[in-house]
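So the chains spell out like this:
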Amino acid sequence: RRSSDLADGMETSTILPRHTQETYLSLSEYFRADGLRDLVDEVNAVCERELNEIPLNARLSSDDVMGVVAAVRAALELETPSDVPRSWTGLVVPSAVPADDRLRELILETIDILESERFAAVVSETLDCAFDFLSAGISTAIERAQCGGVIPFAKLIPSMANLSNRVLAAGEDGLLKRLEGVSSVDELSSLVYCSFNETSVPA
């Protein structure tokens, strides 16, 4: 069963047996092992494509650098050459469809969530947070290193590398801490958690 409405899509008519729950939850390993790797590869490819066109000795203004950042984000959010919003489903859900009817229904409902407007809002808000973090770090590096309103591109590279190390850093200045405050993530997580519990069997 497929539904375009997220709330309806999470409704399941039967209580799920424990083995179905465990098999479904084990699919998170697919994202950790395959989806996350594919996501990193895509981000690297986009960054290389946008940055390789800039000579190391190019002198960039703050607006030039922020233009590159905006181009990277646009390339990540939109499929080329059609410029339609990128689908993240393949990163989270494996393409093989299980034979078990109840497990297949759960996966189809998960796909409904990933293709919903609510999930699109989560992606947009988390990207806002991530790129605000990136832009703030780059702005600081530019202020410290620029001369005459511009900065050599080569001088930015070490600062950008340091920013990537801070993405997963613990503490108040890390990106993960900032993502904790993204309200749409909390709302979607709560909805999924409550809906899944309603279909669970006692331990």
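The structure under discussion appears in the preceding block.
Cut-offs applied
- Residues numbered from 1 in each chain as written.
- Predicted model: local features only at pLDDT ≥ 70, side-chain atom pairs only at ≥ 80, totals over all residues.
- Heavy atoms only, no water.
- Patch = residues over 30% accessible without salt bridge, like charges linked within 9 Å, V, L, I, M, F, W, Y side chains within 5 Å.
- Areas by Shrake-Rupley, 256 points an atom, 1.4 Å probe, with all protein chains shown as cover.
- Salt bridge = Lys/Arg side-chain N within 4 Å of Asp/Glu carboxyl O.
- Helix = DSSP H or I, 4+ residues; strand = E, 2+ residues; numbered from the N terminus.
- Buried < 20%, exposed > 50% of the residue type's maximum accessible area, 1.4 Å probe, protein only.
- Contact = heavy atoms within 4.5 Å.
- Axes fitted to C-alpha atoms, helices over the stretch in contact; angles between N-to-C directions.
- Left-handed = near helix turned anticlockwise from the far one by under 90°.
- Nonpolar A, V, L, I, M, F, W, Y, C, P; charged D, E, K, R; others polar.
- Polar contact = N/O pair within 3.5 Å; in protein donor to acceptor, adjacent residues only side chain to side chain.
- Core = buried A, V, L, I, M, F, W, Y, C linked by side-chain atoms within 4.5 Å.
- Parallel < 35°, antiparallel > 145°, perpendicular 65-115°, else oblique.
- Expected span 1.5 Å × (residues − 1).

Visitor: Would you mind showing me how to read a nonpolar patch on the surface here?
Guide: On the surface, Phe31, Leu36 and Val40 cluster together to form a nonpolar patch covering roughly 220 Å² of accessible area. Examined against the element boundaries, Val40 turns out to sit in helix α3 (residues 28-51). Owing to a relative accessible area of 41%, Val40 belongs among the partly exposed residues under this scheme.

Visitor: Help me out: how do you make sense of the side chain of Thr110 in this one?
Guide: Mapped onto the elements of the fold, Thr110 is located in helix α6 (residues 101-114). Since its relative accessible area comes to 13%, Thr110 is described here as buried. Discounting residues that sit within four places of it in the chain, Thr110 has contacts with Tyr24 and Val93.

Visitor: Teacher, can you tell me more about the packing of helix α7 (residues 117-145) against helix α8 (residues 153-166) here?
Guide: The relative placement of two packed helices is expressed as an angle between their axes plus a distance between the axes. Contact geometry of α7 with α8 gives a least axis separation of 10 Å together with a crossing angle of 145 degrees. Here α7 and α8 pass one another in a crossing that is right-handed. Along its contact with α7, which presents Phe133, Leu134, Gly137, Ile138, Ala141, Ile142 and Ala145, the element α8 presents Lys155, Leu156, Ser159, Leu163 and Arg166. In the contact of α7 with α8, the residues fall into eight nonpolar, two polar and two charged.

Visitor: Quick question: what am I supposed to make of the environment of Ser116 here?
Guide: Checked against the element boundaries, Ser116 lands in the loop between α6 and α7. Since its relative accessible area comes to 6%, Ser116 is described here as buried. Of the polar contacts made by the side chain of Ser116, one reaches the backbone nitrogen of Phe119; its length is 3.2 Å.

Visitor: Explain the nonpolar core to me, please; I cannot follow it from the model alone.
Guide: Nonpolar side chains tend to gather and get buried jointly when the protein is soluble and globular. Within the largest apolar cluster, 38 residues are counted, with the highest numbers of intra-cluster contacts made by Ile138 and Leu156. Secondary structure elements with two or more residues in this core: α4 (62-77), α6, α7 and α8. If you tally residues by element for this core, the top one is α7, at ten residues. Excluding anything up to four places from it in sequence, Ile138 contacts Val65, Met66, Val69, Leu156 and Leu163.

Visitor: Would you mind showing me how to read the environment of Arg166 here?
Guide: Looking at where Arg166 falls in the secondary structure, it is placed in helix α8. Spatially, the C-alpha atoms of Arg166 and Phe133 are 9.8 Å apart, while their sequence positions differ by 33 residues.

Visitor: Help me understand the packing of α3 against α4 in this model?
Guide: In the contact formed by α3 and α4, the axes pass within 10 Å of each other and the chain directions differ by 140 degrees. Considering the angle they form, α3 stands oblique to α4. The two elements α3 and α4 meet at a crossing, and its hand is right-handed. For the pair formed by α3 and α4, the contact residues are Glu42, Val43, Val46, Cys47, Arg49, Glu50 and Leu51 on the first element and Val68, Ala71, Val72, Ala75 and Leu76 on the second. Classifying every residue of the contact of α3 with α4 gives nine nonpolar, no polar and three charged.

Visitor: In this structure, what is going on with α6? I would like to understand it.
Guide: For an α-helix the count is 3.6 residues per turn, leaving residues at separations of three or four pointing the same way. In this model, α6 (14 residues) spans 20 Å end to end at C-alpha, consistent with the 20 Å of a helix rising 1.5 Å per residue. Turning to α6, its buried residues number three or more, namely Leu103, Glu105, Leu106, Ile107, Glu109, Thr110, Ile111, Asp112, Ile113 and Leu114. Sitting at the head of α6, Asp100 places a side-chain oxygen 3.0 Å from the backbone nitrogen of Arg102.

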